[in-house]
Amino acid sequence: MAHAAWAGHSGCVEALLKAGANPNAAPRLTRSTPLHYAAHSDSAACTKTLLAGGANPRAVTRTHGWGEPGKEAPLHWAAMRGSAEVVQLLLEAAPETAEWKDGNERTPLMVAMLGGHVAAARCLVEASWQPTGELLMLLASYSPASQPLYASLVARQTLTAAQWDCVPTPCAGLGGRPARRAAALDRRGGLAGTPPDAC
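These numbers were taken from a predicted model, which means no experiment stands behind them.

Caption draft 1: Inspection of helix α8 (residues 118–127) at higher detail. Burial in α8 covers these residues: Ala-120, Ala-121, Cys-123, Leu-124 and Val-125. As for α8, its buried residues are in contact with α5 (74–81), α6 (84–93), α7 (108–114), α9 (132–141) and α10 (149–156).

Caption draft 2: Layout of the packing of aromatic side chains. Scanning the entire structure with this criterion turns up two aromatic pairs. The interplanar angle of 65 degrees and the centroid separation of 5.3 Å between the aromatic rings of Trp-6 and Tyr-37 together place this pair among those described as edge-to-face. One end of the pair, Trp-6, is in helix α1 (residues 2–7); the other, Tyr-37, is in helix α3 (residues 34–40), with 31 residues separating them in the sequence. Judged by its relative accessible area of 45%, Trp-6 is partly exposed. With a relative accessible area of 18%, Tyr-37 lands in the buried category. A ring pair is formed by Tyr-37 and Trp-77, whose centres lie 5.5 Å apart and whose planes are at 80 degrees; its orientation type is edge-to-face. Taken together, the positions of Tyr-37 in helix α3 and Trp-77 in helix α5 put the pair 40 residues apart, joining distant regions of the chain.

Caption draft 3: Expanded view of helix α4 (residues 44–52). Residues Ala-44, Cys-46, Thr-47, Thr-49 and Leu-50 constitute the buried set of α4. On the buried face of α4, the contacting elements are α1, α2 (10–18), α3 and α6. Phi turns positive one or two residues past the end of α4, at Gly-54, with a value near 100 degrees.

Caption draft 4: Focus on the side chain of Thr-49. As for its placement among the helices and strands, Thr-49 is situated in helix α4. From its side chain, Thr-49 meets the backbone oxygen of Ala-45 in a polar contact 2.8 Å long. If we ignore the near neighbours within four places in the chain, the residues touching Thr-49 are Ser-10, Val-13, Glu-14 and Leu-17.

Caption draft 5: Geometry of the packing of α6 against α8. Across the interface, α6 lies against α8 with an axial gap of 8 Å and an inter-helix angle of 25 degrees. Judged by the angle between their axes, α6 and α8 are roughly parallel. Seen from above, α6 lies across α8 with right-handed handedness. Across the interface between the two elements, Ala-84, Val-87, Gln-88 and Leu-91 of α6 pack against Ala-119, Ala-120, Cys-123, Leu-124 and Ala-127 of α8. For the contact of α6 with α8, the residue count by class is eight nonpolar, one polar and no charged.

Caption draft 6: Structural context of the side chain of Thr-33. Relative to the helices and strands, Thr-33 resides in the loop between α2 and α3. A distance of 2.9 Å separates a polar atom in the side chain of Thr-33 from a polar atom in the side chain of His-36.

Caption draft 7: Molecular detail of unusual backbone geometry. At Arg-31, a residue that is not glycine, the phi angle is positive and equals roughly 65 degrees. One can find Arg-31 in the loop between α2 and α3. For Arg-31, a relative accessible area of 33% corresponds to the partly exposed category. Unlike most non-glycine residues, Glu-105 shows phi in positive territory, near 65 degrees.

Caption draft 8: Inspection of the packing of α8 against α10 at higher detail. α10 packs onto α8 with a crossing angle of 20 degrees between their chain directions and a minimal axis gap of 9 Å. In terms of their interaxial angle, α8 and α10 are classed as roughly parallel. The hand of the α8/α10 crossing is right-handed. Residues Val-118, Ala-121, Arg-122, Val-125 and Glu-126 of α8 lie in contact with α10, whose contacting residues are Leu-149, Ser-152, Leu-153 and Arg-156. Here the residues of the contact of α8 with α10 sort into five nonpolar, one polar and three charged.

Caption draft 9: Fine view of the confidence of the model for the protein. Residue-level pLDDT values for the protein average 82, and 81% of them are 70 or greater. Long-range and interchain partners of residues 177–199, a stretch whose pLDDT sits below 50, account for 43 contacts in this model, where long-range means more than four residues apart.

What counts as what
- Residues numbered from 1 in each chain as written.
- Predicted model: local features only at pLDDT ≥ 70, side-chain atom pairs only at ≥ 80, totals over all residues.
- Heavy atoms only, no water.
- Buried < 20%, exposed > 50% of the residue type's maximum accessible area, 1.4 Å probe, protein only.
- Helix = DSSP H or I, 4+ residues; strand = E, 2+ residues; numbered from the N terminus.
- Contact = heavy atoms within 4.5 Å.
- Phe/Tyr/Trp six-rings, centres within 6.5 Å; stacked < 30°, edge-to-face > 60°.
- Polar contact = N/O pair within 3.5 Å; in protein donor to acceptor, adjacent residues only side chain to side chain.
- Axes fitted to C-alpha atoms, helices over the stretch in contact; angles between N-to-C directions.
- Parallel < 35°, antiparallel > 145°, perpendicular 65-115°, else oblique.
- Left-handed = near helix turned anticlockwise from the far one by under 90°.
- Nonpolar A, V, L, I, M, F, W, Y, C, P; charged D, E, K, R; others polar.
- pLDDT = per-residue confidence, 0-100.

Dropping the structure here:
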């Protein structure tokens, strides 16, 4: 089944599941499941079929000494490939895996940003449970790949005036930083949504 998932053959995966194949079968050495391979192949159809057939979106690989970090959930593999659709399916199935770190201490968001996969990273920013300050530091560390992601962060969280100072100017989707922060401060001391001078 892993080969069918790797090749993105959802019909074959479905036939194997109907014949009683284990959707979580994985070699002892790597623990890479068919869902990992479906995520790697950018196959939303295989991912949906496997999830519907009982595949575990929380399964993690193990370190095996071939330069692979191990401790990767299928979401890490989808983030590495940059498939926003597969990332979204896996987030819906197991949202907590967005915060899991692999053997190199990287979350799926970090993996997506390392690859420059903006659409996948945007899904992960929008699903993140990390505090705003931590997300801002993370985005700053991956600049310029992170530039388009600030707008997603601002859309879902309220930023304080100090946090707005961490947003680069100009910033795609935001225009400049708010020139009149004091006027836009809400009662909690933050700026909600887009800044007043955004495009």
